[in-house]
Amino acid sequence: QQDLQDYESEIHHLISRSMFLQAQMGRPQQYEAQVQSLRSPVRKISDEILRYIFDDSCDTNEFIALRSKPAMVLSAVCSRWRRNALTMPAIWSRISLKWKMPIKSLLEYDKSNDDAELLFPLYKFLSRSQRSPMTVSL
């Protein structure tokens, strides 16, 4: 009876060890992918050139869907891109509003309002545009 318990204990130990080793097998591939991303050609572009590309890419930020707001997309790629995007008020100052909501909702912004979730990105753009002249399409 004791031998049977010892065998079961050893089997459970070997199964858990096998699962651990299988999990470890994927680590070299993950590490290789991280190293490859560090060697990516886009990382060799200077911040100045990157900002020119951002400025050219962010023609108009439309408030329809996230993909139509290139400034938001660019600032979410990585910390370097976010830092560069946040130092460029001009890319946040070109917006197009194509909402189907009453103007009253836009003027009376209240965080408890149901529309607050829709308006939050607009207020982010307005604050990030700083003193840059706004270009607004309605």
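Attention here is on the structure that accompanies the text. Everything numeric in this text was worked out from a predicted model, so none of it was measured.

### Some remarks on unusual backbone geometry
Where the residue is not glycine, phi is negative for most of them; where a peptide bond is considered, it is trans in most cases.
So, step 1. One non-glycine residue, Gln130, lies in the positive phi region at around 50°.
So, step 2. Looking at the secondary structure, you find Gln130 in the loop between α8 (116–128) and β3 (135–137).

### Regarding the sheet that holds strand β2 (residues 94–96)
So, step 1. Spatial strand order, β1-β2-β3: three strands in an open sheet with parallel pairing. For this open sheet the edge positions go to β1 (61–62) and β3, each flanked by a neighbour on one side alone.
So, step 2. The pairing of β2 with β3 spans three bridges and is classified as parallel. Bridge pairing links Arg94 to Thr135 in β3.

### Describing the nonpolar core
So, step 1. One finds Phe54, Ile91, Trp92 and Phe125 to be the most contacted residues of the largest nonpolar core, which totals 17 residues.
So, step 2. Taken together, the elements giving at least two residues each to this core come down to α3 (47–57), α4 (70–75), α5 (79–86), α6 (89–92) and α8.
So, step 3. Once residues within four sequence positions are removed from consideration, Phe125 is found in contact with Asn61, Phe63, Lys69, Ala71, Met72, Trp92 and Ile95.

### Quick look at the side chain of Arg128
So, step 1. With respect to the helices, strands and loops of the structure, Arg128 is situated in helix α8.
So, step 2. For the buried Arg128, no salt bridge is present, and the opposite-charge side chain at shortest range is Asp55, 15 Å distant.
So, step 3. Apart from the residues lying within four places of it in its own chain, the contact partners of Arg128 are Met72, Ser75, Arg82, Leu86, Pro89 and Trp92.

What counts, and where the lines are drawn
- Residues numbered from 1 in each chain as written.
- Predicted model: local features only at pLDDT ≥ 70, side-chain atom pairs only at ≥ 80, totals over all residues.
- Heavy atoms only, no water.
- Helix = DSSP H or I, 4+ residues; strand = E, 2+ residues; numbered from the N terminus.
- Pairing = 2+ DSSP bridges.
- Core = buried A, V, L, I, M, F, W, Y, C linked by side-chain atoms within 4.5 Å.
- Buried < 20%, exposed > 50% of the residue type's maximum accessible area, 1.4 Å probe, protein only.
- Contact = heavy atoms within 4.5 Å.
- Lys, Arg positive; Asp, Glu negative; His and termini not counted.
- Salt bridge = Lys/Arg side-chain N within 4 Å of Asp/Glu carboxyl O.

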